[in-house]
Amino acid sequence: MATPEKRTVAIVPHTHWDREWYSPFQAFRMRLVKLLDALLPMLESDLSYARFLLDGQTMVLDDYLEIRPEAAAALTRLAASGRLAVGPWMVLMDEFMVSGETLVRDLQMGMARGAQFGGAMQVGYLPDMFGHVAQMPQILRLAGLDHAVVWRGVPLAITQTAFWWEAPDGSRVRAEYLYGSYSNGRDIPDDAKQLVGRARDYEAELGPVRIGDMLLMNGTDHQMPQAWLGRVVAEANDVQDDYEFVVTSLAEYLPTQPVDDLATWRGELRSGARANVLMGVASNRVDIHRGCAAAERAVEKRAEPLSALFRAPHDYPHALLELAWKLLVANSAHDSSCACSSDEVVDQVGVRYAEARQLGDGLTVDAVSDLASALDAEPHDLVIVNPTARARGGLVELSLPGHGPAHVVGRDGVAHPAQVLSERGGIAFATSVTGSKVRWVLDLMRGTEFAGNSVARVETETVADGAFEVALHIATPGDDLSDLGELREEMLALGDAGRTIRVKVHRPPSRRLLFDAGSVAGFGWTTVRAAEGEGPASPVSASGSGLRNEHLTVAVDSATGTYSITTDGVSVSGLGRLVDGGDGGDTYNYSPPETDVVVDTPESVAVTVVESGPVRARIEIATRYRWPAGAHGDGRSCTARRDELVDVTVRTTLELRPGERFLRVRTELENPCDDHRLRAHFPLPAVVRGSEAECAFSVVSRGLTAEGGDLEFGLPTFVSRRFVDASDGAVGLALLHDGLLEYEIVGDGSELALTLLRAVGFLSRSEPSLRPNPAGPVDPVRGAQMRGRNVCDYAVLPHRGDWRAADLYGAADAFTVPLERARVPEIRSRRLPETGTALEVSGAEVSAVARDNGGLVVRLFRTDAGEGEVTIGQAGLPARGWIVDLLGAPREPFEGAITMRPWEITTLRLS
């Protein structure tokens, strides 16, 4: 009789390391130092403790080495020998809260840092992300990874512990499903018989779900290594013949597991059937999500492509851009980008986003200034730059000397409409000082500047009372400047003599002018010059309670505060209805109160025309509501307070610009209430059966429901990156947004709801109505109540056809990415024409334009429904270079064009 084959039980020791969460980063780092201080000597002295997985993220190594730099040799030795698994990520991100480009940079940084320690783990380790984006299999494959390890989001349709996970382009990885979570082997007992019993219990629990061997992940959140593991595994192997226990790594285990007859799942993993996906993180701290959007846009959509295209290669700001990306990637960690953390942590996340945005803003100015200094144009002309791939228009603001109407003229002689936003002039500064107090004024004088303003002319006079009067005239562009050195010395001497000195700074008349730049080529530039007098007429106007441009007609209902839009024969009314209700949830999940007060009708409405055109028309709708002050209860029986109502005024500004097919909307309010959710509702031009939402490198189709389970109700509040569309194929309505991630199709497919604000008071509650267990510590977080000023920006785009027909990628770029500008300086190289383009791409969307040591790097992804040609040009000629993988390794050469599959991601390095 044959001896039954032993079942292998693979044990992977690890720790799951949240860099910051319910405690701030430095507090967790102190715990990390203790863990690694214990782990490294143990690995080096005990060969039976054969492996350790450092949570798939290299940032923990850097956090440790900042405190223990002397440990670098030991870490490298252990990682290079395979004892310590590092990477492939820099951090374990949330895949839905950040852009696709942030995901790529996370993987690139992790793989590069892992290589410095002898090699990153060749496994796409994704243990605790709150769901997974559809394109993750392709991202992994493009980095040379064939395996993924997942837990959350796996749907009920997957019935075994492994499956093929396929991206929209058809590429796939083998996905190992961590049945029971990344903690399914935590707390291995210090007893061989108990370990054998644990294996038998787990085998029975798996039953027919198991494919291949059994995998026990020996660790959990911030768990210290169990020093007895190697010994107890050896003892367990000696006392029985049913199981072969082995301490191993994921990189060793996964290639040995079956690949035949596996089920296939295509697309995103967002099911809450077996593990919570915690969908409320998309709306819990909209200030953080808006900060993320602004920072990512500043770096990836503006600073990086403009620096790559318009700065000399030797001036490319590698270090500053790397710092900006490190800040963005550090913040992408799931507890950070999801803002499901303590107030102190969220404050730090906000600072990092602000720092990344500041770097992006500054580098953008530098790049556009470099371009301006290279143009064969007249000094003080204005260069307008388009940072996006499509030719497009936009509004640009400039300061112009003089007063009265003005406009701009392009290099082709065509006049562009403009409007004066404001005028100023007169006395900008005036003071009188006596004696030594003159030094207070002298501190403001430096070279040709007074208080940071260039001075063109100086007038002095000694008046009848003996006072010395100084008149400084601020310069306008083109004026010669006056050196203030001699004046400074004279004023100092007079002050020391006890004289009185009167100083007036005269600001010349000037205007803030807003103008329509016309069409600017993709990744291109044009120049314009200011001209006096009225410009040409424009189709943009506002009057009474309506707005109009060449595409849209908008009418405001002064009784309800909602509005209608008519375009291309499509008319939709009742848009923007604000609905406020209670929220008994936490930073992880919305939870409706047991007894709620829903307010969707204003007490009063006031409609005001703010700007009437000709290039920007705005109407403000001020709606006053009576909202409940808050809620009380334990999160399960939370009841809205009916006994205290608060007056709240919400100001909604509607805006139209020339050429735009969407209505811009800004909603502002001072939030005085706790425990509530505010959403804007948009009736649809046709009933729909689902939605299409932009996510990383793809547009994802979703139905009207979401799969849930016993641990979490399947609430169909979904995530989009920059746009969501609801269409029946013939007509639809899209929302473009700037960090407002959460939407829901409601009313059986008749309305689209966008979450503007969700105010809650706890990091986690113990038993909210839609989730029976806590998702984290039951800690109060006052910041998540979102008290004070809240501002939301989005746009409404009714259209014919589907999202492709509406060109929503182009619309999202036009809405979120502004045109840039700079003045042409006196000293310039004249090596570039007054108008031109630096890069031409047709047939695919552009995700990144950057520069590495090998040349210009361009990342594309194809959104057309079929395979097709994508053309790439530079300076009017076909571009040439290499198709490379995500790690920069060349695959094949190209010249002028490549063929791409639908949703394929391709990275090019241009010669």
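Residues numbered from 1 in each chain as written. Predicted model: local features only at pLDDT ≥ 70, side-chain atom pairs only at ≥ 80, totals over all residues. Heavy atoms only, no water.

A. A look at the overall build of the protein chain. Tallying secondary structure elements over the protein chain gives 15 helices and 53 strands in all. Relative to its length of 911 residues, the protein chain is compact, with a C-alpha radius of gyration of 31 Å against a globular reference of 29 Å. Taken over the C-alpha atoms alone, the protein chain extends approximately 120 × 65 × 60 Å along its principal axes. Sorting the 911 residues of the protein chain into buried and exposed places 59% on the buried side. Total accessible area on the protein chain stands at roughly 33,900 Å², and carbon and sulfur atoms take up 49% of it. Side-chain charges of the protein chain comprise 90 positive and 126 negative groups, with the mean position of each set lying 2 Å from the other. (Helix = DSSP H or I, 4+ residues; strand = E, 2+ residues; numbered from the N terminus. Rg over C-alpha atoms; globule rule 2.2 N^0.38 Å. Buried < 20%, exposed > 50% of the residue type's maximum accessible area, 1.4 Å probe, protein only. Areas by Shrake-Rupley, 256 points an atom, 1.4 Å probe, with all protein chains shown as cover. Lys, Arg positive; Asp, Glu negative; His and termini not counted. Charge placed at Lys NZ, Arg CZ, Asp CG, Glu CD.)

B. Here's a closer look at helix α6 (residues 192-206). Between the first and last C-alpha of α6 there are 21 Å, a value that for 15 residues agrees with the 21 Å anticipated at 1.5 Å per step. By the burial criterion, the buried members of α6 are Ala192, Leu195, Val196, Ala199, Tyr202, Glu203 and Leu206. The buried residues of α6 all sit within an arc of 125° when viewed along its axis, so they share a single face. Projecting away from the buried face of α6 at angles above 90 degrees are the exposed residues Lys193, Gln194, Asp201 and Ala204. Each element contacted by the buried residues of α6 is listed here: β1 (7-13), β8 (214-218), α7 (229-239) and β9 (243-247). Where α6 begins, the capping side chain belongs to aspartate 191, and its oxygen is found 3.1 Å from the backbone nitrogen of lysine 193. Just past α6, the residue glycine 207 takes up positive phi, approximately 50°. (Expected span 1.5 Å × (residues − 1). Arc of directions from axis to C-beta. Contact = heavy atoms within 4.5 Å. Polar contact = N/O pair within 3.5 Å; in protein donor to acceptor, adjacent residues only side chain to side chain.)

C. Summary view of the pairing of strand β29 (residues 617-628). Across eight bridges, the pairing between strand β28 (residues 604-612) and β29 is antiparallel. Bridge pairing in β29 places valine 607 opposite isoleucine 621. Connecting β28 to the next strand, β29, in antiparallel fashion are four residues, including glycine 613 with a positive phi near 110°. Where β29 and strand β32 (residues 645-656) come together, 12 bridges link them in antiparallel fashion. Bridging across to β32, tryptophan 627 finds its partner in valine 646. (Pairing = 2+ DSSP bridges.)

D. Seen up close, the nonpolar core. Grouped together as the largest cluster of nonpolar side chains are 190 residues, with contacts concentrated most on Trp165, Phe245, Leu250, Leu860 and Ile872. If near-sequence neighbours (up to four positions away) are discounted, leucine 250 is found in contact with Val12, Leu53, Met121, Val123, Tyr125, Val149, Leu215, Met217 and Pro255. Formed by 54 residues, the second largest nonpolar core is a distinct cluster that contains Val540, Val570, Val648 and Leu669. (Core = buried A, V, L, I, M, F, W, Y, C linked by side-chain atoms within 4.5 Å.)

E. Here's a closer look at the packing of aromatic side chains. Applying the stated rule across the entire model yields 19 aromatic pairs. Centroid distance tyrosine 22 to phenylalanine 28: 5.2 Å. Interplanar angle 75°. Geometry classified as edge-to-face. Of the residues examined, phenylalanine 28 reaches a relative accessible area of 1% and is grouped as buried. Considering the side-chain rings of phenylalanine 723 and tyrosine 809, the 5.2 Å spacing of their centres and the 90° angle between planes classify their relative orientation as edge-to-face. Of this pair, phenylalanine 723 sits in strand β38 (residues 723-727) while tyrosine 809 sits in helix α15 (residues 808-816), and the two are 86 residues apart along the sequence. Since its relative accessible area comes to 3%, tyrosine 809 is described here as buried. Through pairs of rings, three or more aromatic residues link up here, namely Phe697, Phe723, Trp803, Tyr809, Phe861 and Trp903. The residue whose ring lies beneath arginine 19 is phenylalanine 25, and the NZ or CZ to ring-centre distance is 4.0 Å. The cationic tip of arginine 270 hangs over the ring face of phenylalanine 96; the distance from NZ or CZ to the ring centre is 4.5 Å. (Phe/Tyr/Trp six-rings, centres within 6.5 Å; stacked < 30°, edge-to-face > 60°. Lys NZ or Arg CZ within 6 Å of the ring centre and 35° of its normal.)

F. Region of the structure containing the sheet that holds strand β33 (residues 663-671). Spatially, β28-β29-β32-β33-β42-β39-β38-β35-β36 is the arrangement adopted by the nine strands of the open sheet, whose pairing is antiparallel. Pairing within the sheet leaves two strands with one partner each, and these edge strands are β28 and β36 (698-702). The sheet shows a mean angle of 20° between the axes of neighbouring strands, taken without regard to direction. In this fold α15 packs onto β33, β35 (691-695), β36, β38, β39 (731-737) and β42 (788-800), with an angle of close to 35° to the strand it touches most, β39. (Axes fitted to C-alpha atoms, helices over the stretch in contact; angles between N-to-C directions.)

G. Here's a closer look at the environment of glycine 447. Tracing the chain through its elements places glycine 447 in the loop between β16 (445-446) and β17 (449-450). A sequence separation of 35 residues divides glycine 447 from serine 482, and the C-alpha atoms of the two residues are 8.3 Å apart.

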